[in-house]
Amino acid sequence: INSDNSFFVILSASLTGLNISEEATSCPLGYFPCGNLSVCLPQLMHCNGINDCGNQADEENCGDNNGWPHLFDKYFAAQHVVMTAEFVWDLDVPSPVLGAVPERCLCRDLELDCDGGQLPDIPVVAVNVTMMSLQRNLLQELKAKIFFRYHNLQKLYLQHNNIHSVNPDAFRGLYNLTRLYLSYNRISVLMPGVFQDLHKLEWLILENNDIHQVSPMTFSGLNSLVLLVLLNNSLTKLDDICREMPRLNWLDLEGNLIETIGNVSFHSCSMLTVLVLQKNRISHINEQAFSVLHRLGELDLSSNRLVAIPPNLFLLLEDLLQLNISYNPINKIRVICFLSSKKRLSIEGIEIENIQRRMFEPLKHLTHIYFKKFQYCGYAPHVRSCKPNTDGISSFENLLANIVLRVFVWVVSATTCFSNIFVICMRAYIRSENKLHAMCIISLCCADGLMGIYLFMIGAYDLKYRGEYNRHAQAWMDSIQCQVIGSLAMLSTEVSVLLLTYLTLEKYICIVYPFHLTPGRRRTVSILLGIWVFGFIVAFLPLACKEPFRNFYGTNGVCFPLHSEQPETLWAYVYSIVIFLGLNLVAFLIIVFSYASMFYNIQRTGTQTTKYSNHIKNEVTIAKRFFSIVITDSLCWIPIFILKILSLLHVEIPGTV
């Protein structure tokens, strides 16, 4: 694929030893095979609790167990069970083996538990202790050779203290230690050689500290280490981090400040199977950065600052099962990787331009895929589980996802068109005493009639794409028809908003300030004309300025910018906020205030004089009739205001909303 704005995937190497019999059956777009049967079902029937295939094939592999959960079970499950069992304490069993222990500590056999004991220092106990848990105490520093006498110690838990200083000789003599937990402390520096006696250490947990720099010699002596967790620290760079850890299997660097991955960052990490780099500041990765990671099963690069992926970055990752590059500002990825063994691919939050079905066809073993838009799922029909499967409005099969929406669109469309045409025709034949008011009503009917046309067109395209919407979704949202229909909806909305505001203000002035201002024909016509011109500008500006707004109306199947947590561009985001939370919200508040003030003024003044009462009587009657129209229209805006505010506050909005 040599187009600059194409996004994609060519995967060519195959993983031997995998038996994927399902791939023998070729299924149409949006369907998956029923195991070894020549039956294909829609993707939505996967794991729906019903045996649709007849052989339970559609109810298999419902959980996404690819990647680290599988690897965790494989490498660490046995140790984890042992560790968990060790925290079961029998307080009724005396344990004189360790001799005298601090008052707030518990012991069983050779294990000591001093959690939450308010201890300022490491307690002194018998030298044959094998497990020491000192979590949630008042420890501030680990002095030199503080554990030197405990040669039999195998597990040491120091989480949730206030440790800020670790002497380079603090862990001297711990030749049998296999687990070391230093999480949730204030450690900022680890000197070279601090772990040099820990030859049997397998787990080293350093998450949630403030470590800002490590060198390869920091981990010298850790010949048996398989798990290193540096989650939520302040590391900015990596320099051959595995040099002194030849057996390192799992490396978690999430939540640091790393900006660049060089060609030697993981040069000695040949045994690594899980590498987590999410939520860093990575903007550049050397093309050879992962070249030695032949056993890597999971790679997480999500939530970084990657703009581009080097073409051959994943070329040699033959055992990779799970790849996550979601939520990066990637805009032009020509090649993701050259692997067909992958089972899980996450590219959420990434816009895929010029997406094509052949981009995913080489991914024969893929079972789970995660996109930004559900419309993309139609381009990976062989994948058993694809998310998201709806945006709350549309689904794989239909532009309008459920029957309620479909019925609602046709009923409202017919009602809106018929009622507004009826009012316009009746106004033409019935002589009105207030011709200016009639002119405003006709103008409002025209604006509302455009909304009826918009709904009719959406219903028509829903019928056209019924049952195969995912085949046409992206092309529909990018089409000029969708843009024009969306513009009509925006024109109808904004003109209606401004007309309702104008009519409300006019009634407000006539009732609250009678005799001060009498509306004239020329002024009324000028205002109505200005409202329509302004409405046209607001609605069609995103179409005229494609570069800053891009696909402003094509963010969903109904071609209307309801809300967008990840807008097309900054211009589109600001424009949407200004229109819906600026103009429309201000208009709504003006209407509410005006009607509240009008009714309060009527209640307060009552009938002061006959002349005054006769003057405002007609205006009050008209205002009351008009009140129901204004309030019902205004209430329709409230959900949009709420959605926009939640979006602005970065609150996750479920697709069903």
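Not measured: the values here are computed from a predicted model.

Engineer: Could you clarify how one ought to interpret the overall build of the protein chain in this entry?
Structural biologist: The helix and strand tally for the protein chain stands at nine helices and 20 strands. Across the 657 residues in the protein chain, those meeting the buried criterion constitute 50%. The contacts of the protein chain with a sequence gap of at least 6 include a subset with a gap of at least 24, amounting to 57%. Total accessible area on the protein chain is roughly 30,300 Å²; 58% of this is exposed by carbon and sulfur atoms.

Engineer: Whenever I open this one, the pattern of salt bridges confuses me. Can you help?
Structural biologist: Two side chains of opposite charge can pair, provided their charged atoms sit close to one another. Under the definition given, this model contains five salt bridges. The partner of Asp-240 in a salt bridge is Arg-243, and the shortest N-O contact between them spans 3.6 Å. If you follow the salt bridges from partner to partner, you end up with Asp-169, Arg-172 and Asp-197 in one network.

Engineer: Would you mind showing me how to read the packing of aromatic side chains here?
Structural biologist: What describes a pair of aromatic rings is the distance from one ring centre to the other and the angle between the planes of the rings. Under the definition given, this model contains 22 aromatic pairs. Summarising the aromatic geometry, the rings of Phe-549 and Trp-571 are spaced 6.4 Å apart at their centres and angled 65° between planes, so their arrangement reads as edge-to-face. Here the residue Phe-549 occupies a position in helix H7 (residues 546-549), and Trp-571 occupies one in helix H8 (residues 570-605), the gap between them amounting to 22 residues. By the ring-pair criterion, three or more aromatic residues cluster together here, those being Phe-549, Phe-552, Tyr-553, Trp-571 and Tyr-575. Over the ring of Trp-203 we find Arg-179; its NZ or CZ atom is 4.5 Å from the centre of that ring.

Engineer: What is the right way to read the packing of helix H3 (residues 435-464) against helix H6 (residues 521-544) from this model?
Structural biologist: Between two packed helices, the angle of one axis relative to the other and the distance separating the axes together describe the packing. Put simply, H3 and H6 touch, their axes get as near as 10 Å, and they point 10° apart. Considering their axes alone, H3 and H6 lie roughly parallel with respect to each other. Contacts between H3 and H6 involve Leu-436, Met-439, Cys-440, Ser-443, Cys-446, Ala-447 and Leu-450 on the former and, on the latter, Arg-521, Thr-524, Val-525, Leu-528 and Trp-532. Across the contact of H3 with H6, the residue classes tally to nine nonpolar, two polar and one charged.

Engineer: Whenever I open this one, unusual backbone geometry confuses me. Can you help?
Structural biologist: In terms of backbone geometry, most residues other than glycine have negative phi values and most peptide bonds are trans. Of the consecutive residues Lys-387 and Pro-388, the connecting peptide bond is found in the cis state with omega at -5°. For Pro-388, the location among the structural elements is in the loop between strand E20 (385-387) and helix H2 (403-429). Phi is positive for His-160, close to 55°, though the residue is something other than glycine. Here His-160 lies in the loop between strand E7 (155-157) and strand E8 (165-166).

Engineer: Honestly, the nonpolar core in this entry has me stumped. Any pointers?
Structural biologist: The nonpolar side chains of a soluble globular protein tend to be buried with one another. Core analysis: the largest hydrophobic core is formed by 139 residues, its most contacted members being Met-132, Phe-171, Phe-266, Phe-290 and Trp-476. Breaking this core down by element, the ones donating at least two residues are H3, helix H4 (469-478), helix H5 (480-512), H6 and H8. Setting aside its immediate chain neighbours within four residues, Trp-476 contacts Leu-399, Ile-458, Tyr-461, Tyr-465, Tyr-469, Gln-481, Cys-482, Ile-485, Gly-557 and Cys-559.

Engineer: Is there a simple way to think about H4 in this case?
Structural biologist: Turning to H4, its buried residues number three or more, namely Tyr-469, Asn-470, Ala-473, Gln-474, Trp-476 and Met-477. When H4 is viewed along its axis, its buried side chains cluster within an angular range of 165° and face the same direction.

Definitions and cut-offs
Residues numbered from 1 in each chain as written. Predicted model: local features only at pLDDT ≥ 70, side-chain atom pairs only at ≥ 80, totals over all residues. Heavy atoms only, no water. Helix = DSSP H or I, 4+ residues; strand = E, 2+ residues; numbered from the N terminus. Buried < 20%, exposed > 50% of the residue type's maximum accessible area, 1.4 Å probe, protein only. Contact = heavy atoms within 4.5 Å. Areas by Shrake-Rupley, 256 points an atom, 1.4 Å probe, with all protein chains shown as cover. Salt bridge = Lys/Arg side-chain N within 4 Å of Asp/Glu carboxyl O. Phe/Tyr/Trp six-rings, centres within 6.5 Å; stacked < 30°, edge-to-face > 60°. Lys NZ or Arg CZ within 6 Å of the ring centre and 35° of its normal. Axes fitted to C-alpha atoms, helices over the stretch in contact; angles between N-to-C directions. Parallel < 35°, antiparallel > 145°, perpendicular 65-115°, else oblique. Nonpolar A, V, L, I, M, F, W, Y, C, P; charged D, E, K, R; others polar. Core = buried A, V, L, I, M, F, W, Y, C linked by side-chain atoms within 4.5 Å. Arc of directions from axis to C-beta.

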